Every structure is written in structure tokens, then in C-alpha cells.
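Structural overview
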Amino acid sequence: MRKTITGTGGMLLIQTLKDAGVEYLFTNPGSAETGIFAALLEDGDQKLVVGKHEGLVAAMADGYHRISGKVGVVIAHVMGGSYQLAGQLFNAQVAGSSLLVIAGDWASELQDYRGLAPFPGLTQAESMRPITKDARCAYTVHTNPKAISQATIRALREATTPPTGPVYLSISAELLNRDGLEAQIGEDAHYVIERPGPARPQTVEAIARRLAEARCPVLMFGDDVWREGAQAEAVALAETLEAPVFNTRQIFVNFPSRHPLFCGMYPVSKDFEKVTGLKPDLIFLVGCQGVHGSVAEPTIMQIGPNPLLMGRHYPLDVAVQCELRETLRLVTEALKRSGDRVAGAARQRAKVRAFARLLIEREENLVREHEHDPGVHPSVLEAQLADVLPKNTVVVQESSTARTTLLPFGLGGMTWTRSGGGSLGFGVGAAIGAKIAVGRERPVVCHLGDGALGYSAAGFWTMARYNTAILTVVSNNESYQVVRHNWHKDMPDAKMFREDKYPGLWLSAPAVDYVGLARSQGVEGESVTSTKELEPALRRGMEKITRENRPYLIDVSVAREGVGAESTWYQDWQL
């Protein structure tokens, strides 16, 4: 029911958010937002989650959104404070996360310059536009109090309508503080626009026909499969076809990672053709943003609720904007009606499971090879996590070199998410947001590298303040090892590879005491330097976060793998 509200601009904003069902506000408070925080104290219903850096706060809101499905709302500071959000808003934009960032605004025609405010001739909203949804969703409210409620609902609607993403809203600080304002809230639609329905019957039949005729169709399930809860339908389609499933860059595990048809990362490896005798001739992209790189298959079909990135850099033979659960169910039913033709083709693809099994066996062999090493090999850490973590665990990952093949992620297993954009500093904040989303019902584990933790270690303070019982596992290899790998791909003959010297990548000297760093902010922990210490430490960590309901950190010294793994060289100069 619609109602008229009166009060300060801050009260109009808080009541609008409350009416829209917003429970948590993630913030690093600032002076331009006085009216918002004054209204918060007046109302008292919404919970404030404070972080000591704006980027950390944005990651919290992102993690909360991803696991709860609700919009993550950030109260940010004016211009300079908003710019601190940039790296994590970039991650949210790439991931398509529904975030609403609200900031005060000191814009004025009379002032030449005021602290963190925009310089004359610049606007705060325009400055934030490049890192919002589709580079367009940044709004400003300067004079009209009625626009506070309308712009807030518009922003929520933009953030949640495909293509989803972050939206930025700046509101004049003077308007937030001014009393006696009036606006209307309570629109019946709230901020939700009904999504597209399933594909049309003739389109479903066309998709099924092409899948049935393909000798080796390849399936790829993207993040909209997870968002729309269509994982079970994805599994049913794959099993009906007996088709291999590959993935590309993703922020969720949209098809079970231990399913016997899951064949690893796209593009399809030469090993796949060698083991199975099959050459993929069709790729079916379901709920994907697209493929990272080129597409090799001669026939390409793509469906999903977000048409923005469909066919941007490859041709499409079938392209459909539609919801996924019912569409996948209808396609599977149509395939089953084909009877013997589909069943016969599926039998010819029996060796797909053999290839999927081979990937697991290779990883298990690697574990056996290193299980008695004195130091902890990443594969052994992976195997121990797979053994210790319960199936209802939420894992937030921010380590590019951590191994995950043996961990059962996806439908029937653990929930998993990562940053998406690659801007470091995501993991700690996102894990806090994820824990707020699930409460005490499910354990949350943050697995990140020491390089990533250097960006976000101030988050331990937030963990301790709100007692978000997260197990933080640090894969500590004292280096940016993934950068070495990437450099080698680009310039394998460079002098740095010949001499095993990599400028800027060695992160020790001095070594960082991450356990001490966490303890100084109220989070207990321990260090693991040997394989025999690992399992007991992980079990103690799980005990701490589940039975004792307290956050805990385990700093694991892991072996470095790959190019330059043994190098500890750095430019040793001092002032």
C-alpha cells in the first residue's frame, strides 16, 4: 500500500530502503552522509555492517548479494571515498552483481573545492558511471526531495533487471540533512520486473533437434543457471544427451564439479579427442555471459535471460532471450521424445565419462605423489579440504593457484564463488557478506592467497566485531605466482625466465605474520608449515567456526608450482 512519508531526506531514503525489504547496510561512514546515519538511529531497524575500507565494504555487499539473492546496499562517502570502491565495483560489474551504492554529494555552484568533493565542472555520478551496470547506471538527486524515493526504487530496479549489475546513486548532502520533506513510497511492484518466460515451443524443438543431430554436442552452463536455480535441469539435460560439460570463467559452479560428465575448462583439450575419439561439433551456451576467447565448434547456440553479450564476437545459429529452468526442462523432454535416435547417440559418447574420470585420477595421483612431502603441496591442501569440509559449506575463493578439482562444488555439494573481475581484495569482504547471508546455518570458508589477503586484511576487524564465524585459509606461497605464469605465456624467452628473476613478485623479506595480523584485530588463528600439521589444524578450524561460533584463520605455507617456483629473488635495495 502506498503511503506518504515526511522527515529529512535521510529519513525518506531509509524508509524507502526499508519498504523495499533491505535489512543490511554495508558502510564506511563519511561526513557527507550525516542525514543517512541520523535517520538510521531514528529508525533503528536496519543493521549496519562497518568495514575499514570502501573496497572491503563493496566486497561484503557483493558476497551478501551472491549468497542471499538480495540486493547488497552500500552507503559510501562522497567523491574520494566513492573512488575507493573502484576495484570491487569493477568485480561486481563483471560478475553482474546486484549492488546499490548510495553516497552523499557536496556538489555546489558556489564552492570551488571542498575536500573529497568533485572539482568544479565535474559531477560525482558521472565520475562513477564507467564502473556501474553497462556503464550507464549512475544517478544524482540534487534538489527535488520526491526524487529520493523514486531514484532509489529506480536504482534497485536497474540493479536487479538483466543484465544485472551495480548502480550508483548520489544524493545532495544538503537534501539528506534538510527536514520537513515529503515523498511517497510503497509501489505495488516494489522494484521487481518480471523476467522473460521460457522459449517458444518451436524454438525448443529447434534446439532439441540440433542437439539430437550433433555427433558430440558440448554444453556450457553459465552463472544465470545458478542465479535462476536451474542446476538440476542442467544436470538432467547433460545426462539425457550423455554430453560433455565444460566451463569458462565463472563466479559460481553452475554444473557439479564432480559430476561424471564434467570435463574441465573450455576450450576442449586435445586429450579429450584422443581419449573419447569424439570431435565436438556444437556448443550450447546456457546462461553464459559468453566464452573467454574464441569458439571452435561449427554450430553455436546460446540461451539465457541476458542478451547483452550474446554473439558479440562469434556467430550464433540459435539465440534466445528466455528464462532457463523451464526452457531446459522442455528441451530435455523434447529430446526424450526423440527416443532411439538420442539414446543411440548417447551410447556412442560413453567415453566422455572416461575422460572426466581421467581428470580426477590425475589429481588423485598428484596428491599421492606429494602426500608425504614435509611441506604442504597445494594438491594435498585441496584433498584435505575436500575431506574436512561438510557438503553445505559456502566457499569464497580468491586464489588463482589454489587447486579445486577434488572439491565437490555445485548441485548436491558445496557452494562456491570467486571475484570474477580479478581485482584483488574481494575474498575477506565477500566471505563476511556470505556469512551474514547464511547466518549460523552453514559454515563459510574463505580460501585466498597471501597476495590477495594483503589487500583486505583490515576485514578481520569486521569479522571480530560482528562475530561472523568464518574459517579463513591462506594459501601462502610468498609470491604472486599466477603472475609468473601469465608473464611466461606472453614472453617465454625474456631474460627474467632465463635468469629466474622476476621483478616485484616475491612478497616475503620481510615475511608477514598473518596470524598476528588477524589476532591484533580480534581473530585467533594458527600457522601450518608441514603436511602432518594440516588436517588437525583444519579440523580445529571447523570446530572453532561451527561449535564455538568464532572466526578463525589458518595460514598454510604451500609449495609453489610451475614457472619460477624456486625463485626468491627480488630487487634488494634500501634507502
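My aim in this report is to walk through the structure given alongside it, one point at a time. (Residues numbered from 1 in each chain as written. Predicted model: local features only at pLDDT ≥ 70, side-chain atom pairs only at ≥ 80, totals over all residues. Heavy atoms only, no water.)

1. Observations regarding the overall build of the protein
What counts here: Secondary structure is summarised from DSSP: a helix means a run of H or I of at least four residues, a strand means a run of E of at least two, and numbering begins at the N terminus for each. It is over C-alpha atoms that the radius of gyration is taken, and the globule rule equals 2.2 Å times the number of residues to the power 0.38. Partly exposed residues are those whose accessible area sits between 20% and 50% of the maximum for their type, while under 20% is buried and over 50% is exposed, using a 1.4 Å probe and protein chains only. The contact definition used throughout considers only heavy atoms, calling two residues in contact when any of these lie within 4.5 Å. Residue-level accessible areas treat just the shown protein chains as cover; the underlying method is Shrake-Rupley with a 1.4 Å probe. Positive charge is attributed to Lys and Arg, negative charge to Asp and Glu, and no charge count is given to His or to the chain ends. Throughout, a charge is located at the NZ atom of Lys, the CZ atom of Arg, the CG atom of Asp or the CD atom of Glu.
Helix and strand counts for the protein come out as 23 helices and 20 strands. Against the compact-globule benchmark of 25 Å for 575 residues, the protein has a radius of gyration of 25 Å, which places it among compact chains. In terms of principal-axis extent, the alpha carbons of the protein reach across some 75 × 65 × 50 Å. The buried share of the protein, taken over its 575 residues, is 57%. Looking at the protein alone, contacts between residues at least 24 apart form 75% of all its contacts between residues at least 6 apart. Surface exposure of the protein reaches about 24600 Å², of which carbon and sulfur atoms provide 50%. Both charge centroids of the protein, one from 59 positive and one from 64 negative side chains, sit 4 Å from each other.

2. Observations concerning the pairing of strand E19 (residues 524-528)
Definition in use: For two strands to pair, DSSP has to find at least two bridges joining them. When the strands point away from the viewer and the path from the first strand over the helix to the second turns clockwise, the crossover is right-handed.
As paired strands, E19 and strand E20 (residues 552-557) are joined by five bridges and run parallel to one another. Across the sheet, Glu524 pairs through a bridge with Tyr552, a residue of E20. Viewed along the sheet, the connection from E19 through helix H23 (residues 531-546) into E20 turns out right-handed.

3. Here we look at the packing of aromatic side chains
Filter applied, for reference: Note on aromatic contacts: the rings of Phe and Tyr and the six-membered ring of Trp form a pair at centre separations within 6.5 Å, being stacked when their planes are under 30 degrees apart, edge-to-face when over 60 apart, and tilted otherwise.
Under the defined criterion, the tally for this structure stands at eight aromatic pairs. Each ring, one from Phe246 and one from Phe272, has its centre 5.6 Å from the other, and the planes form 75°; the classification is edge-to-face. Of the two residues, Phe246 is situated in strand E10 (residues 245-247) and Phe272 in helix H12 (residues 270-276); the sequence distance between them amounts to 26 residues. With respect to burial, Phe246 and Phe272 carry one shared label: buried. Each ring, one from Phe272 and one from Phe355, has its centre 5.3 Å from the other, and the planes form 85°; the classification is edge-to-face. Taken together, the residues span a long stretch of sequence, with Phe272 in helix H12 and Phe355 in helix H15 (residues 351-370) at a distance of 83 residues.

4. Focus on the packing of helix H1 (residues 9-19) against helix H7 (residues 146-160)
Stated precisely, the cut-off is as follows: Lines fitted to the C-alpha atoms define the axes, with helices restricted to the stretch that makes contact. Angles between their N-to-C directions range from 0 to 180 degrees. Left-handed is the label given to a crossing in which the near helix is rotated counterclockwise from the far helix by less than a right angle, and right-handed is the label when the rotation is clockwise. Gly counts as polar in this scheme, as do all residues outside two lists: the nonpolar Ala, Val, Leu, Ile, Met, Phe, Trp, Tyr, Cys and Pro, and the charged Asp, Glu, Lys and Arg.
Across the interface, H1 lies against H7 with an axial gap of 9 Å and an inter-helix angle of 35°. Handedness of the H1/H7 crossing: right-handed. Contacts between H1 and H7 involve Gly9, Leu12, Leu13, Thr16 and Leu17 on the former and, on the latter, Ile148, Ser149, Thr152 and Ile153. Here the contact of H1 with H7 is composed, by residue class, of five nonpolar, four polar and no charged.

5. Here we look at the sheet that holds strand E3 (residues 47-50)
Taken in spatial order, the six strands make up an open sheet running E3-E2-E4-E5-E7-E6, and their pairing is parallel. One side of each edge strand has no neighbouring strand; the edge strands of this open sheet are E3 and strand E6 (138-141). With strand direction ignored, the average angle separating the axes of adjacent strands in the sheet is 25°. Across the face of the sheet, helix H3 (residues 54-68) comes into contact with strand E2 (24-27), E3, strand E4 (72-76) and strand E5 (99-105) while running at roughly 165° to E4.

6. As for the side chain of Asp43
So the rule is basically this: Identification of polar contacts relies on pairs of N or O atoms within 3.5 Å, with a donor-acceptor requirement for protein atoms, meaning one able to donate a hydrogen and the other able to accept it, and with residues adjacent in sequence counted only if both atoms are side-chain atoms.
Take Asp43: it is sitting in helix H2 (residues 34-43). Of the polar contacts made by the side chain of Asp43, one reaches the backbone nitrogen of Asp45; its length is 3.2 Å. Dropping the residues within four chain positions of it, Asp43 is found in contact with Ile14, Gln15 and Lys18.

7. Details of the nonpolar core
So the rule is basically this: Residues belong to a common nonpolar core when they are buried Ala, Val, Leu, Ile, Met, Phe, Trp, Tyr or Cys residues joined through side-chain atoms within 4.5 Å.
One finds Leu211, Leu219, Leu237 and Phe284 to be the most contacted residues of the largest nonpolar core, which totals 54 residues. Apart from the residues lying within four places of it in its own chain, the contact partners of Leu211 are Pro217, Leu219, Leu237, Leu241, Leu282, Phe284, Met301, Val331 and Leu335. Judged by nonpolar contacts, the second largest core, of 49 residues, contains Ala61, Ala125, Val396 and Ala452.

8. Here we look at the sheet that holds strand E17 (residues 444-449)
In sheet architecture, strand pairing relies on hydrogen bonds along the backbone and comes in two forms, parallel and antiparallel. Here six strands make up an open sheet; going across it, the order is E16-E15-E17-E18-E20-E19 and the pairing parallel. For this open sheet the edge positions go to strand E16 (415-418) and E19, each flanked by a neighbour on one side alone. Here the average twist between neighbouring strands, direction ignored, is 15°. Where strand E15 (residues 394-398) lies against E17, five bridges are found, and the strand directions are parallel. Bridging from a neighbouring strand, Val396 pairs with Cys446 of E17.

9. Side note on H7
Residues that lie three or four places apart on an α-helix share one face, since the helix turns once every 3.6 residues. The condition is simple: A helix's residues, less one, multiplied by 1.5 Å, set its expected span.
If you check H7, its first and last C-alpha atoms are 22 Å apart, about what 15 residues at 1.5 Å a residue would give, namely 21 Å. Among all positions of H7, only Ile148, Ser149, Ala151, Thr152, Ile153, Ala155, Leu156, Glu158, Ala159 and Thr160 are buried. If you follow the buried residues of H7, they end up packed against H1, E5, E6, strand E7 (167-172), helix H8 (173-177) and strand E8 (181-185).

10. As for the environment of Ile470
Along the chain, Ile470 falls in strand E18 (residues 470-476). In this structure the C-alpha to C-alpha distance between Ile470 and Gln202, which are 268 residues apart in sequence, comes to 49 Å. When sequence neighbours within four positions are dropped, the list of residues in contact with Ile470 reads Ala431, Ile432, Lys435, Val444, Cys446, Met463, Ile545, Pro551 and Tyr552.

11. Observations concerning helix H5 (residues 86-95)
We apply this condition: Here the arc refers to the set of directions running from the helix axis out to each C-beta atom.
Listing the buried residues of H5 in full gives Gln88, Leu89, Asn91, Ala92 and Ala95. Projection of H5 onto a plane perpendicular to its axis shows the buried side chains occupying an angular sector of 155°, all on one side. Buried residues in H5 make contact with H3, E5, helix H6 (124-128) and helix H10 (223-227). Positive phi appears at Gly96, one or two residues downstream of H5, with a value of about 70°.

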